[in-house]
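Spelled out, the chains give:
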Amino acid sequence: MELRQLQYFVAVAEEASFTRAAGRLHLAQPGISAQVRQLERELGQPLLDRSGRSVTLTEVGAAVLPYARAALAAVEGARQTVAEFTGLLRGQVTLGLVSGAAPAREAEAASLLADFHDVHPQVDVALAADNSERMLAALQRGELDVALLGTVDAEPPAGLSFQIVADEPLVAAVVPGSPLLAVADDGRIPLTALRDHPLISLPRGTGIRGVLERACADAGFRPRIAFEAAGPQLLVGLAARGLGVAVVPESAAAGEPGLRTLSFRGARPRGRIALAWRADGPPGPAARALLERLRTALGTTGGRGVWTEAKT
């Protein structure tokens, strides 16, 4: 039994496909198939059921899978331990980033990762862009080491830790002729004033959309979403054409020509971006080193947004 056979078996089991496993491992499919069959011959039992449209685990395969993962983790742990003693970090870190970050913030992320690579050239960083809801789930499953994501709550869900790196109020961006201006008092409106207006918002699964829906529910109504767009700047552009009321972070609408911004009275909904990781810490020294660098570089903010998110 060889480690690569266990690695191929785990990849096929997780991808439910020899083709996808080959793509993930950057290897030819026939070689993976041959090695898994050799493993099955050595164990004397089939581990995978290949009869359906997707590959599934047999009863024996399901029982063997945790041991295969544990063996691979033990080997990686040994390598990382040696790397820590030699002072040279190696391995791969998977970092999740909110989709649709503003260009300046994407450049900031690229600069942070470039600096990290200069210090730790043997660490590969894999980037995964997705919406916040899916990244939270991926963190909890252990598929991501660290993520920057939008959050409805300032406190993390069970099993995760947060460092809030952006926190700013949401505002309503409207054209000068909007009826909402007539009900505004010193540039503020109650959230209930949005009840009968078409709204422009980020898609479901994003932190800002979750904040908007929760705030409206607390106010006793369901928001009427007329348009969904991929990022705050596009939302603002649609609002400027008179297509509805854009609910966006305050910084996204600041100084936008042809638009007025209205704050909300009372409990003001807020857009937050969090640096998130598993509560028990990233599994390896490379991921821990990247997390520490991000925590130091991004810091904690209670003001303007550091990131904006959208859905892919």
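All of these numbers come straight from a predicted model, not from anything done at the bench.

Counting secondary structure elements, the chain contains ten helices and twelve strands. For the chain, the spread of C-alpha atoms along the three principal axes comes to 80 × 50 × 30 Å. For the chain, the residues scored as buried account for 45% of the 312 residues in total. Put simply, of all contacts in the chain between residues at least 6 apart along the chain, 74% involve residues at least 24 apart. Computing the positive centroid from 32 side-chain charges and the negative centroid from 33, the chain places the two 4 Å apart.

This part is about the packing of helix H1 (residues 3-15) against helix H2 (residues 18-25). Where H1 contacts H2, the axes come no closer than 8 Å and their chain directions differ by 120°. Regarding the angle of H1 to H2, the classification is oblique. Helix-helix and strand crossings are classified by hand; for H1 and H2 the assignment is right-handed. Contact residues: Gln 7, Tyr 8, Ala 11, Val 12, Glu 14 and Glu 15 in H1; Phe 18, Arg 20, Ala 21, Arg 24 and Leu 25 in H2. Broken down by class, the residue content of the contact of H1 with H2 amounts to six nonpolar, one polar and four charged.

The next subject is the side chain of Gln 163. Mapping Gln 163 onto the fold places it in strand S6 (residues 160-174). Accessibility expressed as a relative area gives 9% for Gln 163, which makes it buried. Within the structure, Gln 163 has its side chain in polar contact with the side chain of Arg 295 (distance 2.7 Å).

With that settled, consider the environment of Pro 121. Within the element layout of this structure, Pro 121 appears in the loop between helix H5 (103-119) and strand S4 (123-130). A residue is classified by how much of its surface remains accessible, and Pro 121, at 40% relative accessible area, is partly exposed. For the pair Pro 121 and Arg 90, spaced 31 residues apart in sequence, the C-alpha separation works out to 8.1 Å.

Below, the discussion takes up the pattern of salt bridges. Per the counting criterion, the structure on display carries 14 salt bridges. A salt bridge links Arg 272 to Asp 167, with the nearest nitrogen and oxygen atoms 3.5 Å apart. Residue Arg 272 is located in strand S12 (residues 270-278), and its partner Asp 167 is located in strand S6; the two are separated by 105 residues in the primary sequence. Taken together, the shared-partner salt bridges connect Glu 14, Glu 15, Arg 24 and Arg 69 into one network.

What follows covers the side chain of Arg 209. Turning to its location among the elements, Arg 209 is positioned in helix H7 (residues 207-218). In this structure the side chain of Arg 209 is engaged in a polar contact, spanning 2.8 Å, whose partner is the side chain of Glu 228. In contact with Arg 209, other than residues within four places in its own chain, are Ser 201, Leu 202, Pro 203, Arg 204, Ile 225 and Glu 228.

Cut-offs and rules
Residues numbered from 1 in each chain as written. Predicted model: local features only at pLDDT ≥ 70, side-chain atom pairs only at ≥ 80, totals over all residues. Heavy atoms only, no water. Helix = DSSP H or I, 4+ residues; strand = E, 2+ residues; numbered from the N terminus. Buried < 20%, exposed > 50% of the residue type's maximum accessible area, 1.4 Å probe, protein only. Contact = heavy atoms within 4.5 Å. Lys, Arg positive; Asp, Glu negative; His and termini not counted. Charge placed at Lys NZ, Arg CZ, Asp CG, Glu CD. Axes fitted to C-alpha atoms, helices over the stretch in contact; angles between N-to-C directions. Parallel < 35°, antiparallel > 145°, perpendicular 65-115°, else oblique. Left-handed = near helix turned anticlockwise from the far one by under 90°. Nonpolar A, V, L, I, M, F, W, Y, C, P; charged D, E, K, R; others polar. Polar contact = N/O pair within 3.5 Å; in protein donor to acceptor, adjacent residues only side chain to side chain. Salt bridge = Lys/Arg side-chain N within 4 Å of Asp/Glu carboxyl O.

By themselves, these are just geometric observations and shouldn't be taken as functional.
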